[in-house]
Amino acid sequence: KNVLKANKDFAAGETIYKETPMVAVLDSDLEGQGTYCSQCFRHIEAPAEPVKPESPDALGSVYCSTECRDLASNQHHMLLFGSTLTGVLQSLNTSPPDEAKQEARKASQEKLANYFRENGKSGILLVARFLARMVAEETKKLAAPGGGGLSSGQEYSLYDHVERLRYLEFSEDQWGEQKELLSEVLQLSADGLEEFLKDERYGLLLGKMAYNGVGVVFDAGRDDKPEPKQRPEDREWTRTSVGTDRQVGSGLYLVSSYMSHSCDPSVRPTFPSGTNELHLVATKDLKKGDELTIPYVKLDAAEDEDVITARRNRRQALARGWRFACNCERCIKEAPVAAPEATEPPKDDIQVEGEGAKAEATVARFESGTDSAEYRVGAPKGSSEDDVE
């Protein structure tokens, strides 16, 4: 696997690097409320007035500044939710826009936005915005002097970067409807754009967003996020040490995606600027060559939890969200010990009843090496033990 390692010594508390997300999405209950910037996630408080898109959109997006609005428009908004296309994007169409097609495009945008709101899952918009950035990258080449057709395949693209990341493998039953919704928006935006979703690319991209998404949390996080409608094993989970239920949104950070999980992490992601710019901070003194690891799940035990219960709960969360059983040094150290008179080893995580049974069964499958094809973790093409410094 690819990992991140320190390229020099760092002291505890030192910021190692800063990174803005390749794509990011506000949580569905915050998008369209006028209280957070749809691009950078900055909280918009009175007397500041939110900046709106040049024309109303199906998401109800607002921005903290014209800079964020323009950046969002160029990266993804105009293609996905704008009322009209301009420049090179419009030139991709072989026929001029007509009223019927414009109405159909608006209806497809509303269906996509409604799916996001009703299901509360950000994956569909993360994939949509990533594809829109791919299109923006390709059309920029078309606009350049001597620009040719879409992707010649001779340059290192955004997709090439993302292809190196690990992913969760989902069945088509889980993403088929999402793909159809997004394909319709792309097809009605410009001729041939639906080709960006050919074969099973949508499912693969969704799996990469699911495995690598980082939760954006300000300070200790919020406490007003609605309870998810899905079962725990069907929910979206993001990498955050305080819990996905306390985030304001999530994003894909290309460099930070290479960090592995540890229950005794060497670094932690923070968001001190009040935006989705990630600041990676050392939690302990680091030497050059040390691996950088982060917590994917909440690590602090609740007041009523003992060490064994807290260990089991975080391992449940890892099994649900990332489909692996953690065997870091802390988990090994805190594992239950069999009584001297016992004839069998303690059952540890798989001795569970009730609502968490399915997740515990997942832990058991991964510990025994018999993973589920539906949720198994895949390694990207060309992955290796190379350091990413």
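Since the structure is predicted, the reported quantities are computational estimates derived from the model, not experimental observations.

Attention now moves to the packing of aromatic side chains. Here the distance between the centres and the angle between the planes together describe a pair of aromatic rings. In the structure shown here, the tally under the stated rule is 5 aromatic pairs. Geometrically, the ring pair formed by Trp-175 and Tyr-202 is tilted, given 6.3 Å between the ring centres and 45 degrees between the ring planes. In this pair, Trp-175 is assigned in helix 6 (residues 172–189) and Tyr-202 in helix 7 (residues 201–212), connecting sequence segments 27 residues apart. For Trp-175, a relative accessible area of 4% corresponds to the buried category. The interplanar angle of 75 degrees and the centroid separation of 6.4 Å between the aromatic rings of Tyr-296 and Phe-324 together place this pair among those described as edge-to-face. With Tyr-296 in the loop between strand 10 (293–294) and helix 8 (307–322) and Phe-324 in the loop between helix 8 and helix 9 (329–333), this pair connects stretches of sequence that are 28 residues apart. Just as Tyr-296 is buried, Phe-324 falls in that class too. Here the aromatic cluster, defined as three or more aromatic residues joined through ring pairs, consists of Tyr-211, Tyr-296, Trp-322 and Phe-324. In this structure, Arg-201 packs its charged tip against the face of Tyr-159, placed 4.4 Å from the ring centre.

This brings us to the confidence of the model for the protein. Model confidence for the protein is summarised by a mean pLDDT of 83, while 79% of its residues fall at 70 or above. Contacts of residues 381–388 to residues separated by more than four positions or lying in other chains number 16 contacts, the stretch itself having pLDDT below 50.

Here we come to the environment of Ala-310. Within the secondary structure layout, Ala-310 lies in helix 8. Residues Ala-310 and Lys-298, spaced 12 residues apart in sequence, show a C-alpha to C-alpha distance of 9.7 Å. Setting aside residues no more than four positions away along its own chain, Ala-310 makes contact with Ala-301 and Glu-305.

Bringing the nonpolar core into the picture now. Formed by 80 residues in total, the largest nonpolar core has its most connected members in Ile-16, Phe-130, Leu-131, Leu-182, Leu-280 and Leu-292. Sorting elements by how many residues they give to this core places helix 4 (residues 123–143) first, with 10 residues. The contact partners of Phe-130, leaving out residues within four places of it in the chain, are Met-22, Val-23, Leu-158, Tyr-159, Val-162, Leu-205 and Met-209.

Parameters and conventions
For every chain, the first residue of the written sequence is number 1, and numbering continues from 1 along that sequence. In keeping with the model being predicted, local features are shown solely for residues with a pLDDT of at least 70 and side-chain atom pairs are shown and tallied solely at 80 or more, while totals for entire chains, interfaces and linings include all residues. Each side-chain value is derived from all of the structure's non-hydrogen atoms; neither hydrogens nor water enter the calculation. Two rings from Phe, Tyr or Trp (for Trp, the six-membered ring) form a pair when their centres sit within 6.5 Å of each other. Planes less than 30 degrees apart are called stacked, planes more than 60 degrees apart edge-to-face, and all others tilted. Helix numbering and strand numbering both begin at the N terminus, where a helix is a DSSP run of H or I of at least 4 residues and a strand a DSSP run of E of at least 2. Under the scheme applied here, a residue whose accessible area is under 20% of the maximum for its type counts as buried, over 50% as exposed, and between as partly exposed, the area being computed with a 1.4 Å probe on protein chains only. Working rule: Lys NZ or Arg CZ, within 6 Å of ring centre, within 35 degrees of ring normal, means a charge sits over the ring. Per residue, pLDDT measures the predictor's confidence, with a range of 0 to 100. It only takes one pair of heavy atoms within 4.5 Å for two residues to be counted as in contact. Note on terminology: a nonpolar core comprises buried Ala, Val, Leu, Ile, Met, Phe, Trp, Tyr and Cys residues joined through side-chain atoms within 4.5 Å.

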